[in-house]
Structures are given as structure tokens and as C-alpha cells.
Amino acid sequence: MGMHGRLTFLLLSLCAPGTFVRAAALLDLPCMVTLSEDAVPGTSVAEVTVSCSNTSDSPNVTLHGTEPSHPFSLITSSTDPMANTTFQVEVTLRAGAELNAHWMNMYTLTLRATCPGEDEVEKQLFVWVKGGQVLHCNAPFTSTAGDVVRVLADVAPRTPLYAVMPQPLGGLTFRLRNHNTPLVLTDQGLVLAPAGGFDPSKGTQTFRLEIEVMDSKGHNCSGAVSVEVLPSCRPCVSFLEPQQAVTVPGVIGPLEVVTQVRASGDNVRYAILAPTAPTFFTIDEMTGKIHSTRQLEVAQEQLLVQAYNALHPDDHATTILNITVQGTDQQELSCVPAIFVSQVPETELPGSTLVTLRCTGCEGAEGCLRYALEGPPASRSHFRMEGPQLQVSTTLDYDSKAVATVGFQFTATIVVTAGGQPPRSTRVPMLVTLTPVNEFTPVCPNGTTFTVPETAAFGSAVGLIAGTDRDYPPDSLEYSLEGGPGPEQPFSIDVHTGEIRVVGPLDSRQRKSYRLTVRLTDTRNDLDPAKQRSCLCAVTVHVQAVLDQAPVCIPEVQELWIIARSGSRQPVTRLACQGSRDGTTLTYNIAGGNEDGRFQLEGNTVLYLPNNLPEPRTFVLLVEVSGGSGTSRHSTVVALVVHITPRSTPVPPSTTTQRTTPLKERLVVTRVEAVWRPPAWFVAVLTVSGALLLATLGCMARSLLCSNRVPGKLLLGKSPWDVVEQKGDEGEPGSSHASSMEQFDGRAQDPALPCSSAPRSSWSEAEPLAFLTGRKSELVHRQVGVTR
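J.: Break down the overall build of the protein for me, with residues and values.
T.: Check the secondary structure of the protein and you find seven helices and 51 strands. A buried classification covers 35% of the 788 residues belonging to the protein. Across the protein, every contact between residues at least 6 apart in sequence was considered, and the portion connecting residues at least 24 apart equals 69%. Looking at the protein as shown, the accessible area adds up to about 45,600 Å², and 54% of this sits on carbon and sulfur atoms.

J.: Would you mind going over the pattern of salt bridges in detail, with residue names and values included?
T.: The full count for this structure, using the stated rule, is twelve salt bridges. Here Glu602 and Arg569 are joined by a salt bridge, their closest N and O atoms 2.4 Å apart. One end of the pair, Glu602, is in strand E46 (residues 599-602); the other, Arg569, is in the loop between strand E42 (557-563) and strand E43 (570-574), with 33 residues separating them in the sequence. Judged by relative accessible area, Arg569 falls into the partly exposed class, the value being 37%.

J.: Kindly report on the side chain of Ser476, identifying the contributing residues and their values.
T.: With respect to the secondary-structure elements, Ser476 resides in the loop between strand E35 (461-464) and strand E36 (477-481). Judged by relative accessible area, Ser476 falls into the buried class, the value being 5%. Residues in contact with Ser476, not counting those within four places in the same chain, are Thr521, Asp522, Thr523, Arg524 and Asn525.

J.: So, the nonpolar core: which residues are in play, and what are the values?
T.: Core analysis: the biggest nonpolar cluster contains 28 residues, and Val50, Phe72 and Val127 have the highest contact counts within it. Of all the elements in the fold, those that place two or more residues in this core are strand E2 (32-36), strand E3 (44-51), strand E4 (60-65), strand E6 (86-93), strand E7 (106-114) and strand E8 (121-130).

J.: Give me the environment of Pro614: which residues, what numbers.
T.: Secondary-structure assignment places Pro614 in the loop between strand E47 (605-608) and strand E48 (617-627). The exposure class of Pro614 is exposed, given its relative accessible area of 73%. Separated by 32 residues in sequence, Pro614 and Pro646 place their C-alpha atoms 6.7 Å apart.

J.: Before we move on, could you go through helix H5 (residues 680-705) and cite the residues and values that matter?
T.: Spanning 26 residues, H5 covers 38 Å between terminal C-alpha atoms, matching the ideal 38 Å at 1.5 Å per step. Directly beyond the C-terminal end of H5, a positive phi value near 50° is found at Cys706.

J.: An account of the packing of aromatic side chains is requested, with residue identities and associated values reported.
T.: Scanning all chains against the criterion turns up twelve aromatic pairs. Aromatic pair Tyr398 and Tyr472: ring centres 5.8 Å apart, planes at 75°, arrangement edge-to-face. Of this pair, Tyr398 sits in the loop between strand E31 (389-392) and helix H4 (401-405) while Tyr472 sits in the loop between E35 and E36, placing them 74 residues apart in sequence. The class for Tyr472 is partly exposed, based on a relative accessible area of 28%. Aromatic ring contacts, followed pair by pair, group Tyr398, Phe408 and Tyr472 into a single cluster. Between the NZ or CZ atom of Arg470 and the centre of the ring of Phe440, over which it lies, the distance is 4.0 Å.

J.: An account of the sheet that holds E7 is needed here, citing residue identities and associated values.
T.: Spatial strand order, E2-E8-E7-E4: four strands in an open sheet with mixed pairing. Strand pairing shows two members of the sheet lacking a second neighbour, E2 and E4, which therefore form its edges. Along the sheet, successive strands turn relative to each other by an average axial angle of 25°, direction set aside. By the bridge criterion, eight bridges tie E7 to E8 in an arrangement that is antiparallel. Its bridge partner being in E8, Thr108 is matched across the sheet by Phe126.

Thresholds applied
Residues numbered from 1 in each chain as written. Predicted model: local features only at pLDDT ≥ 70, side-chain atom pairs only at ≥ 80, totals over all residues. Heavy atoms only, no water. Helix = DSSP H or I, 4+ residues; strand = E, 2+ residues; numbered from the N terminus. Buried < 20%, exposed > 50% of the residue type's maximum accessible area, 1.4 Å probe, protein only. Contact = heavy atoms within 4.5 Å. Areas by Shrake-Rupley, 256 points an atom, 1.4 Å probe, with all protein chains shown as cover. Salt bridge = Lys/Arg side-chain N within 4 Å of Asp/Glu carboxyl O. Core = buried A, V, L, I, M, F, W, Y, C linked by side-chain atoms within 4.5 Å. Expected span 1.5 Å × (residues − 1). Phe/Tyr/Trp six-rings, centres within 6.5 Å; stacked < 30°, edge-to-face > 60°. Lys NZ or Arg CZ within 6 Å of the ring centre and 35° of its normal. Pairing = 2+ DSSP bridges. Axes fitted to C-alpha atoms, helices over the stretch in contact; angles between N-to-C directions.

Here it is as C-alpha cells:
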């Protein structure tokens, strides 16, 4: 009886009637049912009868599933109102539930029933969801009124507002039936806000879209969605005074505050709309303060100032500001521009001129003005003054840490000094903002390989694509999968992290590997968001087969004889094991019997480490062979009985002439012997049957013969080992005894025969194999070291 036979016998023994235990019974429950994804709520999935021996109360029946939000429910009713012992339970599709074979095609349900005063019983039900023949859309979308989406009027332009299919499959086509709407329908079934946004000044607006969805086979469904645009709850930007007039009664210097404008609202920013390039004044974007750009004696200018919401630029207001400067003073040194503010791309070449100052107030010889740059070391190291010209002195690298430390802005002051007594000077503040340029293409680790078990659940992580980009901010990448997820490519990738996940079923027998193409696109690396760089990298995902049974090793028990030799490791045997599926990787581990670490494993090869063994010794090794991982790990144990004989064996003295035999190369002779070892129960039955047969024959012989003859003794057969030993004893007094005293001549000898000169171990052969009783068959490998 093999391993599977004994397990089956054990299960039948456990299930056989024994001690009576009162428990509920689940009758007529199928093991697996098939359900189409087109099934409507309330569809009957399976029916089962619950039988109780206690009639006092109804049983407690619960339904559990591996998915917490499984779409099934229970309906319980009594089929015998008088006895109240039999109840009918029906598993149905829950109200409002929808099945989708692409998302989940197998549900594992556990039905538990407990009758009052009885033990709980449970059974499993597998529900296989098959793909439907008709394309289905969501219930709210396909209803008469359609689905409804409510958004605020200040939503950003082209913001996704609605998805027709939560996770659309490939091959779907979305078509808009009515075109009198500002909303946009994409090819992926997304409804976007208008490119210019909604008008916040209007009240509640409603836009209805009628959409038709069609797959590649011509199946279609249609529905409608209404988008209600609600007025924004935020306050609008507004000025308290639509027009202001400011008079400055004297001379003002550069960068002096002339006045300040204020507007109410959220996230308010300020800008001068007219004149487009103000000559005398500038405005602080955050505070609304009006500064002079240079020293002003007499000036008059009208400014059109705008206040707007930084998050919603469409929300804005304007005011007119009239500024008049009155007064006279001694002419002093002045420069145009009195303040320099500019944006410079990081690709600006060294030696480029950013601005040329035009200064007045120094009459006389040419070159009476001196220019110097003052400020932080970072600014002075990147810029220099060449006369009145402000130039770039070194390479401007937006991607360096030093530039990021100063916030990508360089501040300094240009000091202009005129000769004479007393010396006169003026200061021109400088603010240069460095802007990024997308210079580098992303780099991905090409040839990346991942391995995922075929039993990986939906959403399981496969691996992480670690792309790099040298532009600032570093590694600001978006990941996408070319072709998208689908039946031929059951994987998806996180757009921000680059993590690949499983989104479909895997089967190593149908497909052992997938080659994915991942696109890496850099973002936020240029002042113009449209300037992006991308690259493609190849990713290979190998599907690892998972064992569904324990590995099989042939044979499961080996008995080996080896002669230890000095030097390096000595191979003992190679295990022949195979998993339940091709390509399954097996691991080998010595689980027991490795005393003093005399043995080790290299793959499936057992090696012996010689260490000057003084006398013959027997080892019993247990090697565990396992495959799979986690909950799907299966293993089996192989037993090895290894008899170790030292290289030099004592030889008794002999009177014969000693002959010297040259040392030859050692060979290994392997003999495979098939031995049938019956299990214990078979031996017991055979013994009892034989005893009964002998008793019956004895009684019959005595009654027939009626004489004083002694019945013949039944001789029991001897084992092959005893027969061989007996023959060996009969031939011992001859020439064989003399030949045994001679030196070993290098010919192969069977250690089982008595003519062998090698001493037999005092350890009985039956002892190392005692734990193996009960196996149906064994293959014993015996290895004998021979000198050639």
C-alpha cells in the first residue's frame, strides 16, 4: 500500500461511523456551480437542506467568503412545519450585486450550520463566474433618468468628472449622441470639464450627455449622465474702490513705497495690466504695494491694476490708479532700470549679457562711473559686472543642490559709484530667477526580470521599476504600460511609484513569461509643461509554477555502501525527484541524521566529507525535498541508509606468500535490487491464516490416519541471506579459507556474501530500516568501492 493508499485509508477510517456525534447535516450542497456574469440580483445559485436532530429551534446558518464583500446572500425556510427539523437554505445573488468575470471569476464560499445543542458543520461552495455575451453598463448610467454628477463652478479646466466604465476593457468605443454641450468625452470614457472651465458668474447649470458604448464584437449599451454645475461657495475677488488717485508731494527715491492697493477674496494676487512695461512703478504681487523703479522728481502715470485668484484666474477684478509725483531737488546719480528682475533659463551660456545699465549724473570724462556687484557668494560666483553690463560668469545648473539651496533665486545689488567730491553712488537691486530646462532623458534599468507565482492574487505586487532622471526635481517620473492591461497582459503599473501589480489570472502551463514595455515620462522638469522626455524599457515577468502536490522521489529509500577515501568530498548518491509541474524548482535539505556534519548537499547530490573514520559506521539521513512557497509549499522526505567503511581494513595474518598488487583507479559499482517489504497488517493476516490452516490440516490428518505417527513438521522458508550464509559455511573448510587470507586483489565482491573478506558491521541491517516498515516497495542502492 503506497503513500496515497494509506492516506485514503486513513481518511476513510476517519469518515467511517464511530462514536456518534450529534451535528447538523448539509445535504445536496454541490461542490461547484457555474454562474454567468449576466445573472440578475436574486438569481438562485445553490440550494441545500439543513437537517437537525433537535427540534427545539431553527439552526443558525451563515455564509462566508474569501472576499469580504462577496455578492451572495442566504434565504432560510422550514420545509417541515410540524417536525421543524429540516430547513431549506438557498444561496442567491444579493440585491444590487453585479458580476464581472474579468475582475473576479471564482468565489469560494463557506456554509456553516449550527443546530441547537449540536456541533457546527461546514462545507465549501465554489462559484465560477463565466463571461456574458452582452455588454453591460452600470445600473445608474443605464436607467431612464441616467446618472447624476454635481460639481462646483470653480472646478479646474479638463478635470475628470465622470467615468462611464469604472475600469474599461480594451476594444471599447464611446460615442456622444448629443453634441450641444461644452463637456468633453475622451476615448477612455471619461467626461471632462470644458477646456475653459465653467462660468462662475452663472447660477446652477445642468448638462446632459447621452453616451453609447460598443465593444469590438458589436455588443453595445447606452445611457446618460447629467452634470449639475453648482455656484462656487468662495467669495469673489473685488476692489473696494474702482478708481484711486495718489499724489506724492516731493522727490522719491528708488524702491520707495508709493501706495498700496487692496482687494478682497481668496488667494489674491496683483498685477499691472497697463502700461504693459511700466516705466516708473512696479507692484508687489503678494501685497499689492506700489514701488518706484528709480528716483522720481516729477512724474505722472495712470496704472490699470488687476487682482485675481491665483487658483482660479478667471475670478478677477480691476481698478485704475493715478499717481502724481510733485517736487524738485538736486539731480543725483540714477540708473535705468532702478531695479532688475528677470528669469534666466539654466542653459544660458557664460558671458551672456542680462542687462545693460544706463546711468546719468556723471558729467565729464568717459568712464567716471564704476560698477560693482555686492551680495551673497552664490550670486557673485555666478554673475559679474563688465562695465555697465551684468553678465553670466559660470554655468547655471538648475539641477545642482547648491542652486536648490538658494531656492533657484539669486539676489545681489549693483553699486554704481561716480567720482568727485563728495562721491555719489546709487544702488540697483537685482533678482534673477533660474528657470528649469528639460535636458536629460529618463533612464530605466533595461532587462529587468521579475518572478511571480501563478497563484498570485489580484493586486499582488510583482516588482518595482526604479527609473532615474537627472533633471530637477530628481526622478520626477510617471510610469505607463504600453498596450495597457488586458488578457494578453494581465498587469498594471502605478503611474507614480512604478510598481507592477497583477490584475488578471496567471497560468504557467499556458504562458511561462510576459514581456512588458514600460514608458517612463519625466514631469515638472521644464518651465513649459509640454516639453517632456520619455524612454522605453523592457521588463520580463516569469510565471513560476506552484506545486499542487508533494514532490515524488524514486526511490524514497536508499541503502548505500561506500568506502571512505581521504582527500576532498566524496559523492554518495544523486536524488531523482520531480515536482507535480514541469519547471518547478525543488530545494533539498538534510532534516536529520547528519551527525558531526559529515554530509552536505549540493543541489540534489549528497556528498560525504571524509574525516578519518576509525571503524565502519552506519548513518541514517533524512533529506527533505520541498517545492513551492508560502501556503502552497509541499515537501516529502527521502531516507538514506549509508554504510561507511574506512579505506584501510585490518587483514588477519596469513602463511601464504604475499603478493603485491599495484594500486589502480577506484571505481564505483552500483547494484539496484528490488525488494518487496509487506506492511505489518499483511504479515499479521498471513500469520493468522497460516496458523488456522495448519490447525485444520492437523485435525484432518489425525482423524483420518488414527495412528501414533507424529505429524510432519512444517518447515518455514529461510530468507535468501540465511541460505547464502549456510552455503558459505559448507564451503569454508576448503580453499576459500585460504584465499580469504590473501590480499584484496581488486575484484568486485558482494559484501552480502560470506566469502567477502571485509568485516561486517556489528550494527544489524534491520535496525536502520525499522522505521521504514509499512512501505509498499523500496529500491535499495548498494555501492561498493573497488580498486582496479
